[in-house]
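# Survey of secondary and tertiary structure
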Amino acid sequence: MVHILNVIAALLTIGFGLFGFLAPLHTATALDLAPTNSNMGLSEMRASVGGLFVVTGIAVIWLNHPMAYAMLGVAYAGAALGRFVSVLLDNPPLAKAMIFGGIELVLAVWLIAANLNRTL
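This one's a predicted model, so the numbers in the text were calculated from it and none came from an experiment.

What counts, and at which threshold
- Residues numbered from 1 in each chain as written.
- Predicted model: local features only at pLDDT ≥ 70, side-chain atom pairs only at ≥ 80, totals over all residues.
- Heavy atoms only, no water.
- Helix = DSSP H or I, 4+ residues; strand = E, 2+ residues; numbered from the N terminus.
- Rg over C-alpha atoms; globule rule 2.2 N^0.38 Å.
- Buried < 20%, exposed > 50% of the residue type's maximum accessible area, 1.4 Å probe, protein only.
- Contact = heavy atoms within 4.5 Å.
- Areas by Shrake-Rupley, 256 points an atom, 1.4 Å probe, with all protein chains shown as cover.
- pLDDT = per-residue confidence, 0-100.
- Axes fitted to C-alpha atoms, helices over the stretch in contact; angles between N-to-C directions.
- Left-handed = near helix turned anticlockwise from the far one by under 90°.
- Parallel < 35°, antiparallel > 145°, perpendicular 65-115°, else oblique.

For the protein, the count of helices and strands is five helices and zero strands. If you list the helices and strands of the protein from N to C, you get α-α-α-α-α. For the protein, the C-alpha radius of gyration of 15 Å lies close to 14 Å, the compact-globule estimate for 120 residues. Dimensions along the principal axes, computed over C-alpha positions, put the protein at roughly 50 × 30 × 20 Å. Scored against the burial criterion, the 120 residues of the protein give a buried share of 28%. Long-range contacts, defined as pairs at least 24 residues apart, comprise 73% of the intrachain contacts of the protein with a sequence gap of at least 6. On the protein, roughly 7,400 Å² of surface is accessible, and the fraction owed to carbon and sulfur atoms is 76%.

Here it is in structure tokens:
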């Protein structure tokens, strides 16, 4: 069961990344990001919100090792931490920030708790 949930988490990661990779303008809009006077923002979306997630999810499935899944959880923990600090300091739209942060937190807790002790 752990393996199935791990793969689902990695597939979700790939899915999230595909939005940023294939539809950067839509993703930017969903994240309330606005373009400036160049297309560099779209490049950044494809790279940091897209390709990074796609390749990480694929690598975790390919490696198929508990530590790889745990490290994916650590990455989600960092994202959740940044999201919740932003709620405290930046006053983003609360519902959207809490939904995104909640998803990141759930994935972080699962991936770390389910896999870290399997690597010892």
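Next comes the rest of the description.
Further remarks concern the confidence of the model for the protein. Where the model shows low pLDDT, its predicted coordinates should not be examined in detail. Put simply, the protein has an average pLDDT of 93, and 98% of its residues get 70 or more. At the level of individual helices and strands, the protein shows its lowest average pLDDT in helix α2 (residues 24-30), which scores 87, and its highest in helix α4 (residues 66-89), which scores 97.

The relative placement of two packed helices is expressed as an angle between their axes plus a distance between the axes. Running from N to C, helix α1 (residues 2-22) and helix α5 (residues 94-115) cross one another at 145°; their axes reach a closest spacing of 11 Å. At the point where α1 passes α5, the crossing takes the left-handed sense. Of the residues in α5, those touching α1 at Val2, Leu5, Asn6, Ala9, Leu12 and Phe16 are Ile103, Leu107, Trp110, Leu111, Ala114 and Asn115.

This next bit is on the packing of α1 against helix α3 (residues 40-63). The geometry of α1 relative to α3 is characterised by a closest axis approach of 7 Å and an angle of 155° between their N-to-C directions. What the angle tells us is that α1 and α3 run roughly antiparallel. In this structure, α1 meets α3 at a crossing whose hand is left-handed. Here α1 contributes Val7, Ala10, Leu11, Thr13, Ile14, Phe16, Gly17, Leu18, Gly20, Phe21 and Leu22 to the contact with α3, which in turn contributes Met45, Arg46, Val49, Gly50, Gly51, Phe53, Val54, Gly57, Ile58, Val60 and Ile61.

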